[in-house]
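A closer look at the structure
Each chain, written out:
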Amino acid sequence: MTLSATADLVAAATADGTAVLAFNVVTLEHAEGIAEGVERAGAAALMQVSENTVRFHGGHLAPLVSACARIAERCAAPLAIHLDHFQDVALLTEVIDTAADLDVTSIMVDAAHLPFQDNIDRTRAYVQRAHRVGLWVEAELGEIGGKLTAHAQGARTDPDEAAAFAETTGVDGLAVAVGSTHAMTTRDARLDLDLIGDIASRVAIPLVLHGSSGVSDPQLRSAVRAGIRKVNVGTALNLAYTEAVRDSLSANPSVSDPRPFLATARQAISDTVVALCRALTPTATIGEHPER
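Our subject in this report is the structure included herewith. Everything numeric here is computed off the predicted structure, so don't read it as measured data. (Residues numbered from 1 in each chain as written. Predicted model: local features only at pLDDT ≥ 70, side-chain atom pairs only at ≥ 80, totals over all residues. Heavy atoms only, no water.)

Re the layout of surface pockets
Its boundaries defined by the atoms lining it, the second largest pocket holds a volume of some 300 Å³. In terms of lining, the second largest pocket is formed by 16 residues, of which the most central are Thr18, Ala19, Val20, Ala43 and Ala44. Mapped onto the lining of the second largest pocket, the elements with two or more residues apiece are α1 (6–16) and β1 (20–24). Broken down by element, the lining of the second largest pocket gets its largest block of residues, four residues, from α1. Residue composition of the lining of the second largest pocket, grouped by class: twelve nonpolar, three polar and one charged. (1 Å grid on protein atoms, 1.4 Å probe; cavity = no way out; pocket = protein on both sides within 12 Å on 5 of 7 lines; lining within 4 Å. Points joined across faces, edges and corners; volume = space filled by probe spheres on them. Helix = DSSP H or I, 4+ residues; strand = E, 2+ residues; numbered from the N terminus. Nonpolar A, V, L, I, M, F, W, Y, C, P; charged D, E, K, R; others polar.)

This is how it looks when you write it as structure tokens:
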């Protein structure tokens, strides 16, 4: 199957009243496990690479992103390539200049750490540049906890500011602070579902939930019913990956070939992806009541 575009997958989810899952890629095994899992689940998804991951790989954008695209285009499931939480001006410029060659179709311009007007100004400038090369652009308002520069975990996106921000910047998707936090290792975050609904009623573009690894399946489904259209997942995959490696090395402490334990890590990611994809399918909510 050829690569899909983020705009098309988000639009399809919006039309269906569902959400598209976006899975963070750190290593090649992440990408392979995500593609296998999405295919097994019969779903569609995004594979996304963060600025932090690019820095982990020596600041080089092309190698891992290109690998994701090649893996995605050989997958039977619809997959698109997204770049997540990009703040660095040089990297943002590189993305816009090379997106077509790398098969990237969307990017998150993250200026949420800046004051409101500065966030608007920087986001709008990059939206204009990114739109000229056909990129779908996500931004963030009401900085979501868990990042190094994040506000307190109780930070919330103001609905009036969200409406003004979306209209002024021309952004295509908006990440909102509604109770989730990045890097959570337990799934006990309580989302402000009324706030999600309020923002969704005032903002005409799709809403994005970050920090979804810390949110239970019922809460995720309720968030989707309230108006979330893109759900980002990273930590849940890393937890599955590292636990599988830890268990494999504990059982075989003298192993020197990394392939066996990396294979278990890849399989753990695939299984986690399948579970999350199935948790967000429309049939998973039959007979349930929203947690409102």
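Notes on the sheet that holds strand β7 (residues 207–209)
Strand order in the closed barrel formed by eight strands is β1-β2-β3-β4-β5-β6-β7-β8, with parallel pairing between adjacent strands. On average, adjacent strands in this sheet sit at an angle of 30° to one another, irrespective of strand direction. Contacting β7 and β8 (228–233), helix α9 (residues 217–226) crosses the sheet at an angle of about 145° to β8. (Pairing = 2+ DSSP bridges. Axes fitted to C-alpha atoms, helices over the stretch in contact; angles between N-to-C directions. Contact = heavy atoms within 4.5 Å.)

Description of the packing of helix α5 (residues 89–102) against helix α6 (residues 116–132)
The geometry of α5 relative to α6 is characterised by a closest axis approach of 10 Å and an angle of 20° between their N-to-C directions. The angle between the axes of α5 and α6 places the two elements in the roughly parallel class. Taking contact as the criterion, the partners of Val89, Leu92, Thr93 and Ile96 in α5 are, on α6, Tyr126, Arg129 and Ala130. Among the residues forming the contact of α5 with α6, the class breakdown is five nonpolar, one polar and one charged. (Parallel < 35°, antiparallel > 145°, perpendicular 65-115°, else oblique.)

Thoughts on the pairing of strand β2 (residues 45–50)
Counting buried positions over the six residues of β2 gives six, a clear majority of the element. Side chains Ala45, Met47 and Val49 project from β2 onto one buried face, and the interleaved Leu46, Gln48 and Ser50 project onto a second face that is buried too. Bridge count for β1 against β2 is four bridges, and the pairing is parallel. Bridge pairing links Ala22 to Leu46 in β2. Note on the crossover from β1 through helix α2 (residues 28–41) to β2: the handedness is right-handed. Pairing geometry for β2 and strand β3 (residues 79–86), over six bridges, is parallel. Looking at β3, one finds that Leu46 is bridged to Ala80. (Buried < 20%, exposed > 50% of the residue type's maximum accessible area, 1.4 Å probe, protein only. Right-handed = clockwise from strand over helix to strand, strands pointing away.)

Some details on the side chain of Asp172
You can see Asp172 is positioned in the loop between α7 (159–169) and β6 (173–176). Of the side chains with opposite charge, Lys230 lies nearest to the buried Asp172, which makes no salt bridge, at 12 Å. Engagement of the side chain of Asp172 in a polar contact is seen with the side chain of His131, the distance being 2.7 Å. Looking at Asp172, its side chain comes within polar contact range of the main-chain nitrogen of Val137, at 2.8 Å. With residues near it in sequence (within four places) discarded, Asp172 still touches His131, Leu135, Trp136, Val137, Ile205 and Pro206. (Lys, Arg positive; Asp, Glu negative; His and termini not counted. Salt bridge = Lys/Arg side-chain N within 4 Å of Asp/Glu carboxyl O. Polar contact = N/O pair within 3.5 Å; in protein donor to acceptor, adjacent residues only side chain to side chain.)

Remarks on unusual backbone geometry
The phi angle at His85 is positive, at roughly 55°, despite the residue not being glycine. Here His85 lies in strand β3. For Asp103, which is not glycine, the phi torsion reads 65° and is therefore positive. Its location among the elements puts Asp103 in the loop between α5 and β4 (106–109). Exposure remark for Asp103: the relative accessible area of 27% places this residue in the partly exposed category.

Observations regarding the pattern of salt bridges
Under the definition given, this model contains 13 salt bridges. In this structure, Glu51 engages Arg55 in a salt bridge whose closest nitrogen and oxygen atoms are separated by 3.5 Å. Remark: Arg55 and Glu51 occur in helix α3 (residues 51–56); sequence separation between them is four residues, near one turn of the helix. Since its relative accessible area comes to 8%, Glu51 is described here as buried. The residue Asp160 makes a salt bridge to Arg202 at a minimum N-O spacing of 2.2 Å. Taken together, the residues Asp160 in helix α7 and Arg202 in helix α8 (residues 193–202) connect sequence positions 42 residues apart. Overlapping salt bridges bring together Arg70, Glu73, Arg74 and Asp103 as one network.

Honestly, it's all geometry; don't read function into it.
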